[in-house]
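# Structural characterization, general
Chain residues, written in single-letter form:
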Amino acid sequence: MGSLPSQLEYTPTSHHMSILQEVTGESSMEGLLVRSYKRSFNGFAARLTESERQRVAEMEGVVSVFPNKKLQLQTTASWDFMGLKEGTNTKRNLAIESDTIIGMIDTGIWPESESFSDKGFGPPPKKWKGVCSGGKNFTCNNKLIGARDYTSEGVRDRDGHGTHTASTAAGNAVANTSFFGIGNGTARGGVPASRIAAYKVCSETECTSASVLAAFDDAIADGVDLISISIGGRYPNRYENDTISIGAFHAMAKGILTVHAAGNSPTLPTPARIVSVAPWILTVGASNTNREFITKVVLGNGKTLGRSVNAFDLKGKMYPLVFEDYLTKGKILVSRYPFSAEAAVASIFRDDYEYYADVSSTPFSLLPPDEFDSLVSYINCTKSPQGSVLKTESIFNQTAPTIASFSARGPNTIAVDLLKPDVTAPGVEILAAYSPLSQPASEGIDKRRVNYSVLSGTSMACPHVAGVAAYIKTFHPEWSPSVIQSAIMTTTWPMNANTTVLTSTDVLAPTEFASGAGHVDPIAALNPGLVYELTKSDHIAFLCGLNYTSKTLQLIAGEAVTCSGETLPRNLNYPSMSAQISKTNSSFTVTFKRTVTNLGTPNSTYKSKIVLNRGSKLSAKVSPSVLSFKRVNEKQSFTVTVSGNNLNRKQPSSANLMWSDGTHNVRSVIVVYTDDYRSP
């Protein structure tokens, strides 16, 4: 993939073709030029040999050439849990909400879903400049106002992922929805009156970065207000090599906020796996809600264990239990490791780290290690062990919200002094619309088809925050992406850092590297009091502080950029504060410089307070400690100086800076960690 600087009086496609003709010697570009980006930024995707790639990279005017990569999908009571109640129970600005357009970059959408019906909707907003190019037998409407395909499959969702995320963000309120009776209720998005534009970048086999960049290019030009993307790589990439970062930068420059899933860890939570690491992106981790799905395993001795999403009903009938025995016909298989056993009546597996319910194509339940060990003991100590797997039921989870074990953790390896993720949101056991073309079970052969299903992942958390951002924008349409992001980050619920996820091999503390600023609070974010504003030039200064060259900066920004002066990345005017300290420094002192803008009331005075977390021994001083504002939109600057010694390399040291005027409580997370940080 190549990228060129923007120029006046320039015809992108013809120029791209001439470049390819020069390096390949071919007169025909058929099969070579994959895509030209010409609406919101300038670049192209092409099929090149390694020598041809090098020749393109050396040409004058070419900023960078990088490979097209395959990306991954980052895979309702949740809105009630967050405080956005149904109907008139929540304050709404419906006229503006109906004028708000969310661009969903994903696997497509199921246009016939009730979640996307346009009953009661007027025509699309006048600002909409997009199209409906959904493919054969695909029709848009006044709710689903746009569709573009980058896969040659058509925009119709064959996976279910895109339909699920779109309905979570902005789906209509649809009563009496459930997954085979599980989670019965009204499924709805955060902003049901808003419009949706679907950009399909994932085929049945892959999601490519070339398609993602093209979708950003179109979405920006089409006139969307927000972009939600629950796709990412396996590992973080430098900004100039990450098409999501590049596309989101151009979106930010046009006043469009991009909300992005933090990523999922496939096994035990691992440090530095977070894939969304740019400051101009709102990065979302996953946490649970107060609704939990439990599938009970009833043993012959009357003991009850278990969890999963099991829509099958054995009606309490008891069957023989066998432990890791392949001869399972007419029996319930109990195993430490999931494997296919089609002859088994049901399966019970050990769950070492997921701690969330999953959908299976056969009756099954997952047991945490202690319950699984209890079950194995029962089998070994009982002459004829029997049991049954019951249908899933919902229970109230008193400990929510807690971080999901799969939610990707920091620290940020691309910009070590920038804390990621930014916030968390519901991403565990989320019921939302689904594609009837896709089986609901994540593994095995499942012949069932559903219109609503249960999924878990940071993919599910991301559209929740996109919906929150859209909700805020309906009351404050003039707010910039950074103001919305700041309002969300500084009004969160603090997560319980003492809550741990116990596994058979480890204890994993959900620190700020998992939770960021905390769990989103949509209602509080409407009135944040103070905000941390950022502009395009601030982000460029941040990149200059990372020692990016002018050539590399040009790739990201799309224009010639010259760095002037020295800017420390940790002094980016970000709502959180983070610093990496050398392990060789037994004692340290770091300073953060910040500026806040008053969006509260005139003639207000904010007093600062530092609250240490988890027995942290940091010392922090705020100067000045009191900020007085005479008018709205007035700016005031301050400095936070943090010192300490002998940091724990297994846990970041953290604190909270609170600014309060008696009405607003503006909270910023402060994190300091060593450069040899390792999770316990």
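As recorded in an unreviewed UniProt entry, the chain goes by the name Subtilisin-like protease SBT4.7 isoform X2, listed as coming from Camelina sativa. The UniProt entry for the chain carries the following text under Sequence similarities (unreviewed entry): "Belongs to the peptidase S8 family."

In terms of regular secondary structure, the chain is built from 14 helices and 38 strands. By the compact-globule yardstick of 26 Å for 680 residues, the chain fits well, its C-alpha radius of gyration being 26 Å. Expressed along its principal axes, the backbone C-alpha trace of the chain runs to roughly 80 × 65 × 55 Å. Taking all 680 residues of the chain together, the buried fraction comes to 60%. In the form shown here, the chain has an accessible surface area of approximately 26,600 Å², with 48% of it arising from carbon and sulfur atoms. Looking at the chain, you have 63 positive and 58 negative side-chain charges, and the mean spots of the two groups are 4 Å apart.

Here we come to the UniProt feature "domain: Subtilisin-like protease fibronectin type-III" (unreviewed entry) in the chain. Cross-referencing UniProt, the feature "domain: Subtilisin-like protease fibronectin type-III" (unreviewed entry) maps to residues 571-672 in the present numbering. Across residues 571-672, helical content stands at 0% and strand content at 61%; the span's end C-alpha atoms are separated by 14 Å.

The next subject is the pairing of strand β15 (residues 281-287). Buried residues dominate β15, accounting for seven of its seven residues. Two elements, strand β14 (residues 257-261) and β15, share four bridges in a ladder whose sense is parallel. By the bridge assignment for β15, Ala261 is matched with Val284. The pairing of β15 with strand β25 (residues 423-426) spans four bridges and is parallel. Within the sheet, the bridge partner assigned to Val284 lies in β25 and is Val423.

Before going further, it helps to examine the side chain of Asp157. Mapping Asp157 onto the fold places it in the loop between β7 (144-149) and α5 (161-170). Of the buried charged residues, Asp157 lacks a salt bridge, with Lys200 as the closest side chain of opposite charge at 6.0 Å. Other than its neighbours up to four places away in sequence, Asp157 contacts Thr107, Gly108, Ile109, Trp110, Gly162, Thr163, Ser435 and Leu437.

What follows concerns the sheet that holds strand β31 (residues 577-581). In spatial order, the strands read β31-β38-β37-β33-β35; together these five strands make up an open sheet with mixed pairing. The two strands at the open ends of the sheet, each matched to only one other strand, are β31 and β35 (626-629). Taking each pair of neighbouring strands and ignoring which way they run, the sheet shows an average axis angle of 20 degrees. Alignment of strand β33 (residues 604-612) against strand β37 (residues 653-660), held across six bridges, turns out to be antiparallel. Considered in β37, the bridge of Leu612 is made with Ala655.

Before going further, it helps to examine the pattern of salt bridges. With the rule as written, the count across this model stands at 16 salt bridges. When the shortest N-O distance is used, the salt bridge between Arg238 and Glu240 registers 2.7 Å. Exposure remark for Arg238: the relative accessible area of 40% places this residue in the partly exposed category. Residue Arg336 is joined to Glu324 by a salt bridge in which the shortest nitrogen-to-oxygen separation is 2.8 Å.

Here the focus is the state of the cysteines. Chemically, a disulfide is nothing more than a covalent bond linking the sulfur atoms of two cysteines. This structure, assessed with the given rule, holds three disulfides. The disulfide that involves Cys132 links it to Cys140, with 2.1 Å between the sulfurs. As the torsion about the S-S bond is roughly 90 degrees, the Cys132-Cys140 disulfide counts as right-handed. Relative accessible area serves as the criterion here: at 37%, Cys132 is assigned to the partly exposed category. Note that Cys202 is cross-linked by a disulfide to Cys207, the S-S spacing being 2.1 Å.

A few words now on the environment of Ile101. Of note, Ile101 is situated in strand β6 (residues 101-106). Between the C-alpha atoms of Ile101 and Ala197, which are 96 residues apart in sequence, the distance is 7.0 Å.

Right, let's talk about the packing of helix α7 (residues 243-253) against helix α13 (residues 536-545) for a bit. It is at 10 Å that the axes of α7 and α13 come closest, and there the two elements cross at 145 degrees. Seen from α7, the contacting residues are Phe249, Met252 and Ala253; seen from α13, they are Lys536, His539 and Ile540. By residue class, the composition of the contact of α7 with α13 is four nonpolar, one polar and one charged.

What follows deals with the environment of Ile556. Along the chain, Ile556 turns up in helix α14 (residues 550-557). Taking the C-alpha atoms as reference, Ile556 lies 9.3 Å from Asp242; in sequence the two are 314 residues apart. When residues no more than four places from it in sequence are discounted, the contact partners of Ile556 are Tyr239, Glu240, Ile246, Phe249, His250, Trp280, Leu543 and Tyr548.

Within the structure shown, the criterion is met by 14 aromatic pairs. Look at Phe81 and Trp493: their rings are 5.5 Å apart centre to centre, the planes differ by 85 degrees, and that puts the pair in the edge-to-face class. Here Phe81, found in helix α3 (residues 78-82), pairs with Trp493, found in the loop between α10 (481-489) and β28 (501-502); they are 412 residues apart in sequence, far enough to count as distant. Given a relative accessible area of 15%, Phe81 falls into the buried group. Taking the relative accessible area as the measure of exposure, Trp493 reaches 24% and is therefore partly exposed. Judged by centre distance (5.2 Å) and plane angle (55 degrees), the rings of Tyr239 and Trp280 are tilted. Remark: Trp280 occurs in the loop between β14 and β15 and Tyr239 occurs in the loop between β13 (231-232) and α7; sequence separation between them is 41 residues. For the pair Tyr239 and Trp280, a shared accessibility class is recorded, and that class is buried. An aromatic cluster of at least three residues, connected via ring pairs, comprises Tyr239, Phe249, Trp280, Phe542 and Tyr548. For the cation-ring pair, Arg156 lies above Trp110, with the distance from its terminal atom to the ring centre recorded as 4.6 Å.

Let's shift gears to the pairing of strand β38 (residues 665-674). When you tally the buried positions in β38, you get nine out of 10 residues, the bulk of the element. Note: β31 against β38, five bridges, orientation parallel. Each residue of the ladder has a partner; that of Met577, found in β38, is Ile670. Sheet analysis places β37 next to β38, joined by eight bridges and oriented antiparallel. Bridge assignment links Ala655 to a residue of β38, and that residue is Ile670. The loop that links β37 with its antiparallel partner β38 comprises four residues; one of these, Gly662, has a positive phi angle of about 95 degrees.

The omega torsion of the bond from Ala400 to Pro401 falls at 0 degrees, within 30 degrees of zero and hence cis. Within the secondary structure, Pro401 sits in the loop between β24 (393-396) and β25. For the bond from Gly410 to Pro411, the omega torsion is 10 degrees, close enough to zero to count as cis. Relative to the assigned elements, Pro411 resides in the loop between β24 and β25. Residue Asn137 is not a glycine yet carries a positive backbone phi of 55 degrees. Considering the arrangement of structural elements, one finds Asn137 in the loop between β6 and β7.

Definitions and cut-offs
Think of each chain on its own: its residues are numbered from 1, step by step along the sequence as written. Note on the predicted model: pLDDT of at least 70 is required for a residue's local features to be given, and 80 or more for side-chain atom pairs to be given and counted; whole-chain, interface and lining totals, by contrast, use all residues. The side-chain numbers reported here are obtained from all heavy atoms of the structure, hydrogens and water having been left aside. UniProt positions are given in the numbering used here, feature names are shortened, and annotations may be inferred rather than shown by experiment. Secondary structure is summarised from DSSP: a helix means a run of H or I of at least four residues, a strand means a run of E of at least two, and numbering begins at the N terminus for each. Here the globule rule is a power law, 2.2 Å times the number of residues to the power 0.38, and the radius of gyration is based on C-alpha atoms. The buried label applies to any residue whose accessible area, calculated with a 1.4 Å probe on protein chains only, is under 20% of its type's maximum; exposed applies above 50%, and partly exposed to all values in between. Computed by Shrake-Rupley with a 1.4 Å probe, the accessible areas treat only the displayed protein chains as cover when residues are assessed. Charge assignment in this entry is limited to Lys and Arg as positive and Asp and Glu as negative, and neither His nor the chain termini are counted. Charge placement uses NZ in Lys and CZ in Arg. For Asp and Glu, CG and CD serve respectively. Two strands are counted as paired when DSSP detects at least two bridges linking them. When a carboxyl oxygen of Asp or Glu lies within 4 Å of a side-chain nitrogen of Lys or Arg, that pair is called a salt bridge. We call two residues contacting when some pair of their heavy atoms lies within 4.5 Å. Axis definition: a line fit to C-alpha positions, over the contact stretch in the case of helices; interaxial angles, taken between N-to-C directions, run 0 to 180 degrees. Here, the term disulfide refers to a pair of cysteine sulfur atoms separated by no more than 2.5 Å. Nonpolar residues are Ala, Val, Leu, Ile, Met, Phe, Trp, Tyr, Cys and Pro. Charged residues are Asp, Glu, Lys and Arg, and all others, Gly as well, are polar. Centre distance within 6.5 Å is the pairing criterion for rings of Phe, Tyr and Trp, where only the six-membered ring of Trp is used; planes under 30 degrees apart are then read as stacked, over 60 as edge-to-face, and the remainder as tilted. To sit over a ring, a charge needs its Lys NZ or Arg CZ within 6 Å of the ring centre and within 35 degrees of the ring normal.

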